[in-house]
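Descriptive analysis of the structure
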Amino acid sequence: MTEPVSRTATSADGTRIAFDRSGSGPAVVLVHGAFTDRRHPTLYGVAAALAPWFTVFNYDRRGRGASGDTPPYAVHREIEDLAAVIEAAGGSAMVFGGSSGAALALEATARDPAISKLAVWEPPYHVDESAPCLPDDFAAQLEALVGQGRRAEVVERFMVEAAEVPVEAVTAMRAEPSWPELEAVAHTLAYEAAVMGPGNALPAGLLGAINRPTLVLNGERSPAWMTSAGRAVAKSVPGALHRVLEGQTHNVSAQALAPELLEFFVAA
């Protein structure tokens, strides 16, 4: 693959959204989940794998990487950010979203006819009792901690309470060189919680309004509650497909993900 070309789009509120464009062909936009930006190896690898067939737009969500961040935050502004990238892609695009980015992509697809196809990886809705139990005001709690400068606590709470990372593992991570990078995006974790909504509840009515071809993917080795969520999403979106990728955890590899996306996006 030739080196991606970096560009920016301007969202409806004036925020500059940075993206990398690579390849040629129909447009595909990649929507990241928590902590990651367009440099992250998974979706960077997906972009490289899809570039021979598609023009891939891999963007930094607001508050991350080279993108701006105009307060106050609102989920509809992130939907507008995605719309701005799609406009830069020519006005129509297929979209892939991962984890909480999948929830954002689902909500955008229900509202924006410019999205022609949608594929999602493990949107973390809570649909059974084995899922984590989060307070309904989780987003507000994280935002308050950010405002108090307690960014490390935000990262810890999100990892332990939302991502089910053991406390001991998070404590060990604090000694790693990458920890400051996690703290740097701590404010965006409140954004992720806002995208997911109170209690990460499945928005069945919203999903039922999606009338575009949709693929929902899960990992065979992911927590059972995530597979339950994937099945619930596929059941809620009319005509959606659901597949489970052998051997994959929530931290899916680009090598496993890209062939599924290629098959789905090239299908008539």
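Up top you'll find the structure we're talking about.
Just so we're clear, the structure is a prediction, and the values are computed from it rather than from any experiment.

Core analysis: the largest hydrophobic core is formed by 38 residues, its most contacted members being Val-29, Tyr-59, Leu-82, Ile-86, Val-95 and Leu-106. Beyond its immediate stretch of four places on either side in the chain, Leu-82 contacts Val-29, Val-31, Tyr-59, Ala-108 and Ile-115.

To continue, consider the packing of helix H4 (residues 138-147) against helix H8 (residues 186-196). Geometry of a packed helix pair, given as the angle between the helix axes and the separation of the axes. Between H4 and H8, whose axes approach to 8 Å, the crossing angle comes to 165°. As the angle between them shows, H4 and H8 are arranged roughly antiparallel. You can see that H4 and H8 cross each other, and the crossing is left-handed. Touching Phe-138, Ala-139, Leu-142, Glu-143 and Val-146 of H4 are Ala-186, His-187, Leu-189, Ala-190, Ala-193 and Ala-194, all from H8. Per-class residue counts for the contact of H4 with H8 are nine nonpolar, one polar and one charged.

A word on the layout of surface pockets. By volume, the second largest pocket amounts to about 220 Å³. Surrounding the second largest pocket, 14 residues form its lining, Tyr-73, Glu-143, His-187, Ala-190 and Tyr-191 being those nearest its centre. Broken down by secondary-structure element, the contributors of at least two residues to the lining of the second largest pocket are H4 and H8. Of the residues belonging to the lining of the second largest pocket, the class tally is eleven nonpolar, one polar and two charged.

If you walk through the whole model with that rule in mind, you get 15 salt bridges. The salt bridge partner of Asp-13 is Arg-77, with a shortest N-O separation of 3.2 Å. Taken together, the residues span a long stretch of sequence, with Asp-13 in the loop between strand S1 (5-10) and strand S2 (16-23) and Arg-77 in helix H2 (residues 75-88) at a distance of 64 residues. When its relative accessible area of 23% is taken as the criterion, Asp-13 is described as partly exposed. Arg-38 is the salt-bridge partner of Asp-20, the closest N and O atoms lying 3.0 Å from each other. Placement of the pair is Asp-20 in strand S2 and Arg-38 in the loop between strand S3 (27-31) and helix H1 (41-50), with a sequence separation of 18 residues. Among the charged side chains, a salt-bridge network with shared partners connects Asp-13, Arg-62, Arg-77 and Asp-81.

How each quantity is defined
- Residues numbered from 1 in each chain as written.
- Predicted model: local features only at pLDDT ≥ 70, side-chain atom pairs only at ≥ 80, totals over all residues.
- Heavy atoms only, no water.
- Core = buried A, V, L, I, M, F, W, Y, C linked by side-chain atoms within 4.5 Å.
- Buried < 20%, exposed > 50% of the residue type's maximum accessible area, 1.4 Å probe, protein only.
- Contact = heavy atoms within 4.5 Å.
- Axes fitted to C-alpha atoms, helices over the stretch in contact; angles between N-to-C directions.
- Helix = DSSP H or I, 4+ residues; strand = E, 2+ residues; numbered from the N terminus.
- Parallel < 35°, antiparallel > 145°, perpendicular 65-115°, else oblique.
- Left-handed = near helix turned anticlockwise from the far one by under 90°.
- Nonpolar A, V, L, I, M, F, W, Y, C, P; charged D, E, K, R; others polar.
- 1 Å grid on protein atoms, 1.4 Å probe; cavity = no way out; pocket = protein on both sides within 12 Å on 5 of 7 lines; lining within 4 Å.
- Points joined across faces, edges and corners; volume = space filled by probe spheres on them.
- Salt bridge = Lys/Arg side-chain N within 4 Å of Asp/Glu carboxyl O.

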